[in-house]
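Fold and geometry: a report
The primary structure of each chain is shown beneath.
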Amino acid sequence: MTEQWVQVEGRRVRLSNLDKVLWPATGTTKGEMLQYYTQVAPVLLRQLADRPVTRVRYPDGVAADRFFEKNVPAGTPRWVRHHWLPASPGDDDGTVLDLPVLDSLPALVWATNLGAIELHTPQWRVGPRGGVRAPDRLVVDLDPGPGAGLVGCAKAAHLIAERLADDGLTEVVPVTSGGKGMQLYATLDGSRAATAVHAYARDLARELASAHPDLLVATQKKTSRPGKVLLDWSQNHPAKTTITPYAMRGREHPTVAAPRTWDEVGPDLDQLTWEQVLARLDHVGDLMP
């Protein structure tokens, strides 16, 4: 193992194996991943702020085994912020987790150096003294079945945005997931409890699937999926997380969960790589609220 210690905003952070190839299809290395996360940090940290982060770690790259990590691991630096929080906020089973909040560039570099390619966050934030706030966003995950693709997701996205606007949710940002589909994020004012938001998302998905049965489904049953887009409302449950906008994905190519303009959401929509996302930031800026 090759390692070095660097100063990141006054914190001493260990880096290791920067030349390790994490994406064999493109030869993209761990060092390049760290370069991306460092450059995108100004906008990514806004999305990570006060949200506990579930990391998906790929120690030997995307072609090898991965694992999900919620608790802070042994050896975590003392300066990494973390909170004991319920595993399923709102439930009374008593299970708690020691969850990190990556609220600074040193913490972000520390986590990604451990092979945390994907950073997943809930729709709620941690309060100033710990605890769980009401959700400040609603997310609808669009998961295309066989034959639907991003073209189907784009059609679905416009239908959903129009329906959300009917309920006064006009600040909606489309995000291509870096995987197969995309997400829609609607800004909330924090006045509704997580259970109410979860129920609203469920009812909205079922209503839209009923109104557009040739395009949309609201059930996970695989037999109903070919040629259609699943409106996955479940990620609004307080125990669930979603890939964070601007985070990388552990797919064959180094793609990113990328915020998009509504003008882009059409038949030519595609997933974006980390290089494309960095280039776009210079031209379109940060599209997330």
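All values derive from a computational prediction rather than experimental measurement.

1. Regarding the pairing of strand 7 (residues 82-86)
The alternating pattern of strand 7 places His 83 and Leu 85 on a buried face, while none of His 82, Trp 84 and Pro 86, on the opposite face, is buried. Alignment of strand 7 against strand 8 (residues 96-100), held across five bridges, turns out to be antiparallel. Residue pairing in the sheet places Pro 86 in a bridge with Val 96 of strand 8.

2. Some points on the side chain of Gln 183
Residue placement: Gln 183 occurs in strand 12 (residues 182-187). Separated by 2.8 Å, the side chains of Gln 183 and Asp 141 make a polar contact. If sequence neighbours within four positions are ignored, Gln 183 has contacts with Val 139, Val 140, Asp 141, Val 173, Pro 174, Val 175, Ser 177, Thr 242 and Ile 243.

3. Re the pattern of salt bridges
Think of it this way: side chains of opposite charge can pair up when their charged atoms draw near. Applying the stated criterion across every chain, the model contains 18 salt bridges. The shortest N-O distance in the salt bridge between Asp 50 and Arg 81 comes to 2.8 Å. Here Asp 50 is found in the loop between helix 1 (30-48) and strand 5 (54-57), whereas its partner Arg 81 is found in the loop between strand 6 (67-69) and strand 7, with 31 residues between them in sequence. By relative accessible area, Asp 50 is classed as partly exposed at 25%. Taking the shortest distance from any N to any O, the salt bridge between Arg 125 and Asp 136 comes out at 2.6 Å. Taken together, the residues span a long stretch of sequence, with Arg 125 in the loop between strand 9 (116-121) and strand 10 (137-144) and Asp 136 in the loop between strand 9 and strand 10 at a distance of 11 residues.

4. A short note on the nonpolar core
Within the largest apolar cluster, 46 residues are counted, with the highest numbers of intra-cluster contacts made by Tyr 36, Tyr 37, Leu 108, Leu 119 and Met 248. At the level of secondary structure, the elements contributing two or more residues to this core comprise strand 2 (11-16), strand 3 (21-23), helix 1, helix 2 (105-113), strand 9, strand 11 (172-176) and helix 5 (274-284). No other element matches the 10 residues that helix 1 contributes to this core. Apart from the residues within four sequence positions on either side, Tyr 36 is in contact with Tyr 246, Met 248, Val 256, Trp 274, Val 277 and Leu 278.

5. Observations concerning the pairing of strand 14 (residues 229-232)
Here strand 14 shows no split at all, with Val 229 and Leu 231 on one side and Leu 230 and Asp 232 on the other all buried. With four bridges joining them, strand 10 and strand 14 adopt antiparallel strand pairing. Within strand 14, the position partnered with Asp 141 by the bridge is Asp 232. Where strand 13 (residues 216-217) meets strand 14, two bridges bridge the pair, whose relative direction is parallel. Paired with Val 217 across the two strands is Leu 230, which belongs to strand 14.

6. What about the sheet that holds strand 6?
Strands sit in the order 6-5-9-15 across an open sheet of four strands; the sheet is antiparallel. Strands with a single pairing partner mark the edges of an open sheet, and in this sheet they are strand 6 and strand 15 (242-243).

7. Description of the packing of aromatic side chains
Going through the model one piece at a time under the given rule, you end up with two aromatic pairs. Here the aromatic rings of Tyr 36 and Trp 274 are separated by 6.3 Å at their centres, their planes lie at 70 degrees, and the arrangement is edge-to-face. Residue Tyr 36 is located in helix 1, and its partner Trp 274 is located in helix 5; the two are separated by 238 residues in the primary sequence. A relative accessible area of 0% means that Tyr 36 is categorised as buried. The buried category is assigned to Trp 274, whose relative accessible area is 7%. Among the aromatic residues, those joined into a ring-pair cluster are Tyr 36, Tyr 37 and Trp 274. Sitting above the plane of the Tyr 200 ring, Arg 192 keeps its charged end 5.2 Å from the centroid.

Rules of the game
- Residues numbered from 1 in each chain as written.
- Predicted model: local features only at pLDDT ≥ 70, side-chain atom pairs only at ≥ 80, totals over all residues.
- Heavy atoms only, no water.
- Buried < 20%, exposed > 50% of the residue type's maximum accessible area, 1.4 Å probe, protein only.
- Helix = DSSP H or I, 4+ residues; strand = E, 2+ residues; numbered from the N terminus.
- Pairing = 2+ DSSP bridges.
- Polar contact = N/O pair within 3.5 Å; in protein donor to acceptor, adjacent residues only side chain to side chain.
- Contact = heavy atoms within 4.5 Å.
- Salt bridge = Lys/Arg side-chain N within 4 Å of Asp/Glu carboxyl O.
- Core = buried A, V, L, I, M, F, W, Y, C linked by side-chain atoms within 4.5 Å.
- Phe/Tyr/Trp six-rings, centres within 6.5 Å; stacked < 30°, edge-to-face > 60°.
- Lys NZ or Arg CZ within 6 Å of the ring centre and 35° of its normal.

Function cannot be inferred from these measures alone, as they are strictly geometric.
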